[in-house]
Amino acid sequence: MISPLKLLLLPLSWLYAAVLAGRNWLYDRGWKASTAFDEVPVLSVGNLRVGGTGKTPHVAWLVAWLEERGQRPALLSRGYGRRTRGYRRANPLDSAATIGDEPWQQFGQFGGRVPVVVSEDRVAGIGRLLGEEPATTAVVLDDAYQHRRVRPAVNILLTEQQRPFYTDSVLPAGRLRESRAGAQRADAVIITKCAPDLSAATRAAITARVRRYARPGVPVLFSAYDYGLPVPVPGTGAAAGPVPGREVVLLTGIAQPGPLLAHLAAAGYQVMHHARYPDHHAFTPREIGELAAQCQPGQCVLTTQKDAARLQEPALAASVANLPVFYIPITVRFLADGQTQLAALLDPYFPPPAVV
């Protein structure tokens, strides 16, 4: 049943959807400029829905896949939440404040060997990046599904199993950035955060729903998260601290902490206190002090890798220095033959070098 509030907001959603549909129509017919890059394949990862659909770990999977095939990928994002503007290439002196929490996480995750760039103007950003790094063989765009000024070689659409785009409405009545018809631009649709044992029948039912909106023949893939063992957050008291016990304090500033909570419960952790903040929240010394007060002797703080990136801000150094904080790493695993299907889609853009 539709709530009274949603009924009230639906006319605004229809108006917003109509405006975006008009914008997309202009791009589709070439009346608004859209730039393709012939130098290298541009791979875009994004979503229709506001909030976390798992873009960061899927981008990491894609970058790792490219590296395994001898490619030299680079990563470009707008740098959501940063306090700077314009083109900026990540370096060891940066932080979540200067380039955004997700690009800073990615810069650290790939050890600085993968160029990570932020730029609101992604057309200019890609051009400058390729000028600085002419050996680049692929550019991965993070959260660029609605950025029509760039025409990617491959457009990958993510949607959560628990919050699929095909059951949602456009803002403000729902959480979609554009109408469900936007799925027509996808070259692959990945259903994320699935149960690892998701049945073939359920996958088939979801695929049928997706195919009402996606182009015929577009692969519909399914992925789950694998959670690793806790990792000490640099600069915190975890470096010399004990391995987390069963009783923990949880700190999250992400859109959907539910899957992490479910994992911790299944792994035998007891969350004694959950300090939950909005996505991309910039933590303050006062909030870290309140968190420390909740952490009893023998307990540790667990958090996400994205939140760990923000905890390493210089302004928080004194607050976290004696607080044992660990992050839970996440990797993506495709179900059934999903990885094979995605590789088949991408392989033509990255042929093996010719044998001389």
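Residues numbered from 1 in each chain as written. Predicted model: local features only at pLDDT ≥ 70, side-chain atom pairs only at ≥ 80, totals over all residues. Heavy atoms only, no water.

Visitor: How should unusual backbone geometry be read in this particular structure?
Guide: Outside of glycine, negative phi angles account for most residues, and trans bonds account for most peptide bonds. Omega for the bond connecting L171 with P172 falls within 30 degrees of zero, at 0°, which places this linkage in the cis form. Within the secondary structure, P172 is located in the loop between strand 6 (154–160) and strand 7 (188–192). In this structure, H280 takes a positive phi of about 65° despite not being glycine. Residue position: H280 is located in the loop between strand 11 (270–276) and helix 8 (285–294). Phi angles above zero are rare outside glycine, and A336 is one such case at about 50°. Within the secondary structure, A336 is located in the loop between strand 14 (330–334) and helix 11 (338–346). The class of A336 is exposed, set by a relative accessible area of 59%. (Helix = DSSP H or I, 4+ residues; strand = E, 2+ residues; numbered from the N terminus. Buried < 20%, exposed > 50% of the residue type's maximum accessible area, 1.4 Å probe, protein only.)

Visitor: How should I be thinking about the pattern of salt bridges in this particular structure?
Guide: Here the idea is simple: oppositely charged side chains can pair when their charged atoms come close. According to the stated counting rule, one finds 22 salt bridges in the structure shown. Two residues, E68 and R69, come together in a salt bridge whose shortest N-O distance is 3.7 Å. Here E68 falls in the exposed class, since its relative accessible area comes to 64%. Classification of R69 by relative accessible area gives partly exposed; the value is 38%. The residue R185 makes a salt bridge to E178 at a minimum N-O spacing of 2.7 Å. (Salt bridge = Lys/Arg side-chain N within 4 Å of Asp/Glu carboxyl O.)

Visitor: Teacher, can you tell me more about the sheet that holds strand 8 (residues 220–227) here?
Guide: Note on sheets: strands pair through backbone hydrogen bonds, and any given pair is parallel or antiparallel. Overall, mixed pairing links the nine strands, which are arranged 3-4-2-5-1-6-7-8-14 in an open sheet. Edge positions in the sheet fall to strand 3 (88–89) and strand 14, since each has one partner strand and no second. Sheet topology note: the strand 7/strand 8 ladder contains three bridges and is parallel. Bridge pairing in strand 8 places V189 opposite V220. Of the strands in this sheet, strand 2 (73–77), strand 4 (116–118) and strand 5 (138–142) touch helix 4 (residues 101–109), which is tilted by about 165° from strand 4. (Pairing = 2+ DSSP bridges. Contact = heavy atoms within 4.5 Å. Axes fitted to C-alpha atoms, helices over the stretch in contact; angles between N-to-C directions.)

Visitor: What should I look at first to understand the UniProt feature "binding site: ATP" (unreviewed entry) in the chain in this one?
Guide: Under the local residue numbering, the UniProt record ascribes the feature "binding site: ATP" (unreviewed entry) to R49, V50, G51, G52, T53, G54, K55 and T56. By the element assignment, R49 lies in the loop between strand 1 (42–47) and helix 2 (55–68). Those residues within four positions of R49 in sequence are excluded, and the remaining contacts are E160, R163, D168, R175, L176, R177 and Q256. Secondary-structure assignment places T53 in the loop between strand 1 and helix 2. Judged by its relative accessible area of 1%, T53 is buried. (UniProt positions renumbered as here; feature names shortened; annotations may be inferred.)

Visitor: Where do I start with the state of the cysteines in this structure?
Guide: By definition, a disulfide is the covalent link that joins the sulfur atoms of two cysteine residues. One pass over the structure, following the stated rule, counts zero disulfides. Free of any disulfide, C300 has its nearest neighbouring cysteine sulfur in C295, separated by 6.3 Å. On the basis of relative accessible area, C300 is assigned to the buried category, the value being 1%. (Disulfide = S-S within 2.5 Å.)

Visitor: Help me understand the packing of helix 2 against helix 11, please; the structure alone is not making it clear to me.
Guide: Helix-helix packing: each pair is described by the crossing angle between the helix axes and the interaxial distance. Two numbers describe how helix 2 lies on helix 11: the axes approach to 13 Å, and their chain directions differ by 65°. The way helix 2 lies across helix 11 gives a crossing that is right-handed. Across the interface between the two elements, W61, L62 and W65 of helix 2 pack against Q339, L342, A343 and L346 of helix 11. Tallied by class, residues from the contact of helix 2 with helix 11 come to six nonpolar, one polar and no charged. (Left-handed = near helix turned anticlockwise from the far one by under 90°. Nonpolar A, V, L, I, M, F, W, Y, C, P; charged D, E, K, R; others polar.)

Visitor: Would you mind showing me how to read the packing of aromatic side chains here?
Guide: Between two aromatic rings, the relevant description is the distance of the centres plus the angle of the planes. What the rule picks out here adds up to nine aromatic pairs. Ring centres of W61 and F334 lie 5.0 Å apart, and the angle between their planes is 75°; on these two criteria the pair is classed as edge-to-face. Of the two residues, W61 sits in helix 2 while F334 sits in strand 14, which places them 273 residues apart along the sequence. Judged by its relative accessible area of 13%, W61 is buried. (Phe/Tyr/Trp six-rings, centres within 6.5 Å; stacked < 30°, edge-to-face > 60°.)

Visitor: Looking at this model, I keep getting lost on the domain arrangement of the chain. Mind explaining?
Guide: By a widespread convention, an interface's size corresponds to the accessible area lost as its parts come together. Each domain of the chain was delimited in the assignment, giving domain 1 (4–226 + 334–349) and domain 2 (229–328). One C-alpha centre belongs to domain 1, the other to domain 2; they are set 28 Å apart. With 16 residues of domain 1 in contact, the opposing surface of domain 2 contributes eleven residues. One can count two salt bridges joining domain 1 with domain 2. A salt bridge links R310 to D101, with the nearest nitrogen and oxygen atoms 2.7 Å apart. Between domain 1 and domain 2 we count eight residue pairs in polar contact (both at pLDDT 80 or more) in total. Counting residues per element, the ones that place at least two in the side of domain 1 that touches domain 2 are helix 3 (96–99) and helix 4. The element best represented in the side of domain 1 that touches domain 2 is helix 4, accounting for five residues. (Domains from an automatic or database assignment. Polar contact = N/O pair within 3.5 Å; in protein donor to acceptor, adjacent residues only side chain to side chain.)

Visitor: Got a minute to help me understand the sheet that holds strand 12 (residues 300–304) in this structure?
Guide: If you trace the five strands from one edge of the open sheet to the other, you get 9-13-12-10-11, paired in mixed fashion. In the strand order of this sheet, the two ends are held by strand 9 (231–232) and strand 11, each with one partner. Taken together, the two bridges between strand 9 and strand 13 (residues 325–328) define a ladder with antiparallel strand orientation. When the sheet's bridge partners are listed, V231 is paired in strand 13 with Y327. Docked against the sheet, helix 7 (residues 258–266) engages strand 10 (247–252), strand 11, strand 12 and strand 13, running at close to 170° with respect to strand 10. Relative to the sheet, helix 8 contacts strand 10, strand 11 and strand 12, its axis offset from that of strand 10 by approximately 165°.

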